[in-house]
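# Working through the structure, step by step
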Amino acid sequence: MNYTIRVATEYDVYDIVELCKEHAAYEKAEYNEEGKAEKLANLLSPIGPLFNCLLVESDNKIIGFASYMYELSTWDADYYIHMDCLYLRPHARGFGIGEALMKEIASAAAGSNIKVIQWQTPLFNERAIRFYYRIGAVSKEKLRLYLDEAAINNLAK
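Each chain has its residues counted from 1, following the order in which its sequence is written. The predicted nature of this model means local features are confined to residues of pLDDT at least 70 and side-chain atom pairs, given and counted, to a pLDDT of 80 or more, with totals for whole chains, interfaces and linings taken over all residues. Each side-chain value is worked out from all heavy atoms of the structure, with water and hydrogens disregarded.

### Let's talk about the sheet that holds strand β3 (residues 61-73)
Spatially, the five strands line up as an open sheet ordered β1-β2-β3-β4-β5, and their pairing is mixed. Each end of this open sheet is capped by a strand with a single partner; those strands are β1 (4-7) and β5 (117-118). When DSSP finds two or more bridges between two strands, those strands count as paired. Helix and strand assignments follow DSSP, with helices taken as H or I runs no shorter than four residues and strands as E runs no shorter than two, numbered in order from the N terminus. Note: β1 against strand β2 (residues 52-58), four bridges, orientation antiparallel. Bridge pairing links Arg6 to Leu55 in β2. Contacts between helix α1 (residues 13-26) and the sheet are confined to β2, β3 and β4 (78-88), with β3 contributing the most and set at about 80° to the helix. The contact criterion used is simple: two residues touch if any of their non-hydrogen atoms lie within 4.5 Å. Angles here are taken between N-to-C directions and fall from 0 to 180 degrees, while the axes themselves are lines fitted to C-alpha atoms, restricted in helices to the stretch in contact.

Pasting the structure below:
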């Protein structure tokens with residue numbers, strides 16, 4: 001499969017939202033796309049991106065993406081890259097594109113003297129887990145916790 005990887009711009013936000021919607025469905029999660037395109041356009045502002053997004057194109061169609069951001073680890077007293085999403089449409093899997101995206105992110109890390117890249121995937125996503133182990137990833141057992149908007153508002157009272 002012929003493809004290119006490029007940096008997303010504010011003109012790509014509707015495609016990114018569509019990919020996020022597909023990714024959420026794949027991970028059996030809910031996704032509300034309302035207002036997301038406008039918010040993503042602001043995050044991809046020319047002033048300096050608050051997040052980084054790579055798009056994969058084949059035959060002038062976007063077939064996947066990976067997004068990541070630089071975060072700080074208090075424990076390590078250093079920055080790391082948090083990969084938030086890596087998603088390829090089903091017909092684009094198995095061609096080495098996921099590894100190519102990971103190489104792009106690893107290059108960004110190495111170029112910024114970042115020593116750790118972190119991400120997560122659902123336990124049922126066995127294909128992704130096999131892929132991540134194959135490229136050298138290791139895992140730590142942790143429980144991911146979050147507060148939704150109602151819980152935040154309740155706790156903030």
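### Focus on the pattern of salt bridges
Salt bridges are counted wherever a side-chain nitrogen of Lys or Arg sits within 4 Å of a carboxyl oxygen of Asp or Glu. On inspection of all chains with the given rule, the structure shows seven salt bridges. For Asp78, the salt bridge goes to Lys115, with nearest N and O atoms at 3.9 Å. Of this pair, Asp78 sits in strand β4 while Lys115 sits in the loop between α3 (97-111) and β5, placing them 37 residues apart in sequence. The buried label goes to any residue with under 20% of its type's maximum accessible area, the exposed label to any with over 50%, and the partly exposed label to all in between, with areas taken from a 1.4 Å probe on protein chains only. Accessibility expressed as a relative area gives 28% for Asp78, which makes it partly exposed. Taking the shortest distance from any N to any O, the salt bridge between Glu99 and Arg134 comes out at 3.1 Å. Of this pair, Glu99 sits in helix α3 while Arg134 is found in helix α4 (residues 126-134), placing the two residues 35 residues apart along the sequence. Accessibility expressed as a relative area gives 26% for Glu99, which makes it partly exposed. Connected through salt bridges with shared partners, the residues Arg6, Asp12 and Glu57 form a single ionic network.

### A few points about a nonpolar patch on the surface
Taken together, Tyr70, Leu72 and Tyr79 make up a surface patch of nonpolar side chains, about 330 Å² in accessible area. Here Tyr70 shows up in strand β3. The class of Tyr70 is partly exposed, set by a relative accessible area of 35%. In this analysis, a patch consists of residues with relative accessible area above 30% that form no salt bridge, clustered at 9 Å for like charges and at 5 Å for the nonpolar side chains Val, Leu, Ile, Met, Phe, Trp and Tyr. In short, Shrake-Rupley with a 1.4 Å probe defines the accessible areas, and a residue's cover is counted only from the protein chains shown.

### A look at the nonpolar core
Take the buried Ala, Val, Leu, Ile, Met, Phe, Trp, Tyr and Cys residues and link them wherever side-chain atoms come within 4.5 Å; each set so joined is a nonpolar core. Core analysis: the largest hydrophobic core is formed by 21 residues, its most contacted members being Leu101 and Tyr132. Breaking this core down by element, the ones donating at least two residues are β2, β3, β4, α3 and α4. Of all the elements, α3 adds the most residues to this core, at six residues. With near-sequence residues (within four places) excluded, Leu101 lies in contact with Ile5, Leu54, Val56, Phe65, Ala66, Leu86 and Leu88. One finds Leu19, Ala37, Leu40 and Phe65 within the second-largest nonpolar core, a separate group that totals 17 residues.

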